[in-house]
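A structural walkthrough
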Amino acid sequence: PPDLSPGLAYDALFDGGYIDINEPDNSELLEWMRGNRDLDMPLDGPDAEWNATVLAWITQGALNN
């Protein structure tokens, strides 16, 4: 799993292949967030608002901001 601690999360997501700026909807990060993997992220289940926010961020180029 990627190291999501402050200062390391951005690089860990990109280096680990969790973000796909060419096909944002197919990003591995979103698959986890949507509950399409073995363990939901977040642990309490998918959150449509967070998923939409992350998809928008990736679609806009997933800048380190």
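So, a few notes on the structure that sits alongside this text. (Residues numbered from 1 in each chain as written. Predicted model: local features only at pLDDT ≥ 70, side-chain atom pairs only at ≥ 80, totals over all residues. Heavy atoms only, no water.)

**A word on the pattern of salt bridges**
- Taken as a whole, this structure holds four salt bridges when the rule is applied.
- With its nearest N and O atoms 3.6 Å apart, the salt bridge here joins Arg34 to Glu31.
- Residues joined in a network through salt bridges with shared partners are Asp25, Glu28, Glu31, Arg34 and Arg37. (Salt bridge = Lys/Arg side-chain N within 4 Å of Asp/Glu carboxyl O.)

**Looking at the layout of surface pockets**
- Looking at the largest pocket, its volume works out to about 210 Å³.
- Secondary-structure elements contributing two or more residues to the lining of the largest pocket are helix H1 (9–15), helix H2 (28–33) and helix H3 (48–59).
- With three residues, H3 is the largest single contributor of residues to the lining of the largest pocket.
- Its residues assigned to classes, the lining of the largest pocket shows ten nonpolar, no polar and no charged.
- In this structure, the second largest pocket spans a volume of roughly 160 Å³.
- Per-class residue counts for the lining of the second largest pocket are ten nonpolar, no polar and one charged. (1 Å grid on protein atoms, 1.4 Å probe; cavity = no way out; pocket = protein on both sides within 12 Å on 5 of 7 lines; lining within 4 Å. Points joined across faces, edges and corners; volume = space filled by probe spheres on them. Helix = DSSP H or I, 4+ residues; strand = E, 2+ residues; numbered from the N terminus. Nonpolar A, V, L, I, M, F, W, Y, C, P; charged D, E, K, R; others polar.)

**As for the side chain of Asn51**
- The residue Asn51 is located in helix H3 in this model.
- Ignoring any residue separated from it by four or fewer positions in sequence, one finds Asn51 in contact with Leu30, Met33, Arg34 and Pro46. (Contact = heavy atoms within 4.5 Å.)

**Comments concerning the packing of aromatic side chains**
- One pass over the structure, following the stated rule, counts two aromatic pairs.
- Taking 4.9 Å as the distance between ring centres and 50 degrees as the angle between the ring planes, the aromatic pair formed by Tyr10 and Phe14 counts as tilted. Of this pair, Tyr10 and Phe14 both sit in helix H1, separated by four residues, roughly a single helical turn.
- Accessibility expressed as a relative area gives 26% for Tyr10, which makes it partly exposed.
- On the basis of an interplanar angle of 70 degrees and a centroid distance of 6.4 Å, the ring pair of Tyr10 and Trp57 is categorised as edge-to-face. With Tyr10 in helix H1 and Trp57 in helix H3, this pair connects stretches of sequence that are 47 residues apart. (Phe/Tyr/Trp six-rings, centres within 6.5 Å; stacked < 30°, edge-to-face > 60°. Buried < 20%, exposed > 50% of the residue type's maximum accessible area, 1.4 Å probe, protein only.)

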